[in-house]
Amino acid sequence: MPEHRTPAPDLARRAGRRLLHPILVVIIGGLLDAAGEILLKKGANSAPPTSGLLHWLSMYLGVSALASIWTWLGIISYILGLLAWLYVLRFIPISIAFPINNVMHLAVPIAAPVLLHEPVPLLRWFGIGIALSGVLLLLKFVAEAEEKL
Amino acid sequence: MTALAFALCIICQVFLLSGQLLFKHAMDPGNGKGNSTARMFKLLALGILTQTVYFFLWLGLLENHPLTRIYPFEGLNPVMMAILAWLVLKEKLPVKAWIGLALVCVGIGIVSAT
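Residues numbered from 1 in each chain as written. Chains lettered and ligands numbered in written order. Predicted model: local features only at pLDDT ≥ 70, side-chain atom pairs only at ≥ 80, totals over all residues.

*Asks:* Outline the overall build of chain A, supporting the account with residue identities and numerical values.
*Replies:* Each helix and strand counted, chain A has seven helices and zero strands in total. Counting helices and strands in the order they occur from the N terminus, chain A gives α-α-α-α-α-α-α. Looking at chain A as a whole, 36% of its 149 residues are labelled buried. (Helix = DSSP H or I, 4+ residues; strand = E, 2+ residues; numbered from the N terminus. Buried ≥ 20, exposed ≤ 12 C-beta atoms within 10 Å, placed from the backbone.)

Dropping the structure here:
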């Protein structure tokens, strides 16, 4: 491996022909992060149960949101997202993987009106569109790097 | 927003980004051989520590400032990350990827500010 790391051939050599394709994993991982955020918010919003194991645990730890099953699902989702992210970092330059992962967080404002009944103003949809077009450019770059293989 | 709060926002993001660089270096040191398991976990632990500092700094900022004022700083991250990765890990990007990065930043900035 040469000392200077040009992403294109490097990327192609290491990312290509894998069962769990890193680009697929970075997208799934980003969506898991977004799901984690929504689940945590849902857990914080929901009325906690007044009995049962989770109620006891939340009293013991002093965090009322831990009484909700949604909060725990959110935490699991975050952990899976981190594992996916670490897998991705083995194969893709971080300057490419990071923005793709970041933009997947925009699934939160996209899902918020449906799942959390929060309104999304028009200008925000505009911002989502611009960010997604940026990611398409990045993905195009990755795809071209693979074709060179 | 005071100069101090502004500086804290930037410092906060630097912690986030250096934690990510440590993660990257743990998983892929760039020599084609990978790290030994012990070294990988050491770097991962250091990365998690850095992310924890970020988390509490960010929590402190969130307590004292409205989200719409400080969240746009997160939008700067993709570009700051690319610059740091270029400086530290010697990752190079073509012009097309830089345009993509800029679009991502502008989009996230708009989403956070609205």
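Still more to cover.
*Asks:* Break down the overall build of chain B for me, citing the residues and quoting the values.
*Replies:* Counting secondary structure elements, chain B contains six helices and zero strands. Of the regular secondary structure in chain B, the N- to C-terminal order runs α-α-α-α-α-α. A total of 114 residues make up chain B; the buried ones form 34% of that total. Sequence separation of 24 or more characterises 76% of the internal contacts of chain B that already satisfy a separation of 6 or more. (Contact = placed C-beta atoms within 7 Å.)

*Asks:* Give me the nonpolar core: which residues, what numbers.
*Replies:* By size, the foremost hydrophobic cluster in this structure holds 54 residues, and its most contacted members are A:V88, A:A97, A:I100, A:A131 and B:V104. Secondary-structure elements contributing two or more residues to this core are α2 (22–45), α4 (69–89), α5 (94–104) and α7 (122–147) of chain A together with α1 (3–27), α5 (77–88) and α6 (95–113) of chain B. Ranked by the residues each element gives to this core, the list is headed by α1(B), at nine residues. Excluding its chain neighbours within four sequence positions, the residues that come into contact with A:V88 are A:P22, A:V25, A:V26, A:G29 and A:A97. (Core = buried A, V, L, I, M, F, W, Y, C linked by C-beta atoms within 7 Å.)

*Asks:* Tell me what's going on with the interface of chain A and chain B, and back it up with residues and numbers.
*Replies:* The partner chain B presents 33 residues to the 32 residues of chain A that form the contact. Of all the elements in the fold, those that place two or more residues in the side of chain A that touches chain B are α4, α5 and α7 of chain A. The biggest single contributor to the side of chain A that touches chain B is α7(A), with 13 residues. Its residues placed into classes, the side of chain A that touches chain B shows 22 nonpolar, seven polar and three charged. (Nonpolar A, V, L, I, M, F, W, Y, C, P; charged D, E, K, R; others polar.)

*Asks:* Which residues make up unusual backbone geometry, and what values do they have?
*Replies:* A negative phi angle characterises most non-glycine residues, just as the trans form characterises most peptide bonds. The phi torsion at B:K90 lies on the positive side, around 60°, for a residue other than glycine. Tracing the backbone shows B:K90 in the loop between α5 and α6.

*Asks:* Explain the packing of α2(A) against α5(A) to me, using residue names and the numbers behind them.
*Replies:* Residues and elements named next belong to chain A. Closest axis-to-axis distance for the α2/α5 pair is 7 Å, and the angle between their directions is 40°. Classed by the angle they form, the pair α2 and α5 counts as oblique. Judged by the sense of rotation from one axis to the other, the crossing of α2 with α5 is right-handed. Listed contacts from α5 to V26, I27, G29, G30, L31, D33 and A34 of α2 are A97, I100, N101 and M104. Split into classes, the residues belonging to the contact of α2 with α5 amount to seven nonpolar, three polar and one charged. (Axes fitted to C-alpha atoms, helices over the stretch in contact; angles between N-to-C directions. Parallel < 35°, antiparallel > 145°, perpendicular 65-115°, else oblique. Left-handed = near helix turned anticlockwise from the far one by under 90°.)

*Asks:* Hey, could you go over the environment of B:A26 for me, with residue numbers and the actual values?
*Replies:* All names here are of chain B. Note that A26 resides in helix α1. Overall, A26 belongs to the buried group, with 22 C-beta atoms counted inside 10 Å. Note: C-alpha distance between A26 and T37 (11 residues apart in sequence) is 9.3 Å. Not counting chain neighbours up to four residues away, the residues in contact with A26 comprise N35, M40, L43, L44 and G47.

*Asks:* So, α5(B): which residues are in play, and what are the values?
*Replies:* Since the α-helix packs 3.6 residues into each turn, any two residues three or four apart lie on the same face. A rise of 1.5 Å per residue sets the reference length of α5(B), with its 12 residues, at 16 Å; its end C-alpha atoms lie 16 Å apart and thus fit the reference within 8%. Along α5(B), the residues classified as buried are B:N77, B:P78, B:M81, B:A82, B:L84 and B:A85. Each buried residue of α5(B) sits inside an arc of 165° when the element is viewed along its axis, so together they form one side. Residues of α5(B) that are buried in the fold lie against α5 of chain A together with α1, α4 (72–75) and α6 of chain B. Two residues or fewer past α5(B), B:K90 is found with a positive phi of approximately 60°. (Expected span 1.5 Å × (residues − 1). Arc of directions from axis to C-beta.)

*Asks:* Requested: an account of the packing of α1(B) against helix α2 (residues 37–64) of chain B, with residues and values cited.
*Replies:* All names here are of chain B. Across the interface, α1 lies against α2 with an axial gap of 8 Å and an inter-helix angle of 160°. By the angle between their axes, α1 is roughly antiparallel relative to α2. The interaxial crossing formed by α1 with α2 has left-handed handedness. Contact residues: L8, C9, I11, C12, F15, L16, S18, G19, L22, F23, H25 and A26 in α1; M40, L43, L44, L46, G47, T50, Q51, V53, Y54, L57, W58 and L61 in α2. Of the residues belonging to the contact of α1 with α2, the class tally is 18 nonpolar, six polar and no charged.

*Asks:* So, the confidence of the model for chain B: which residues are in play, and what are the values?
*Replies:* On average, residues of chain B carry a pLDDT of 86, and 97% of them reach 70 or more. This complex was scored by the predictor with a pTM of 0.77 and an ipTM of 0.80. (pLDDT = per-residue confidence, 0-100.)

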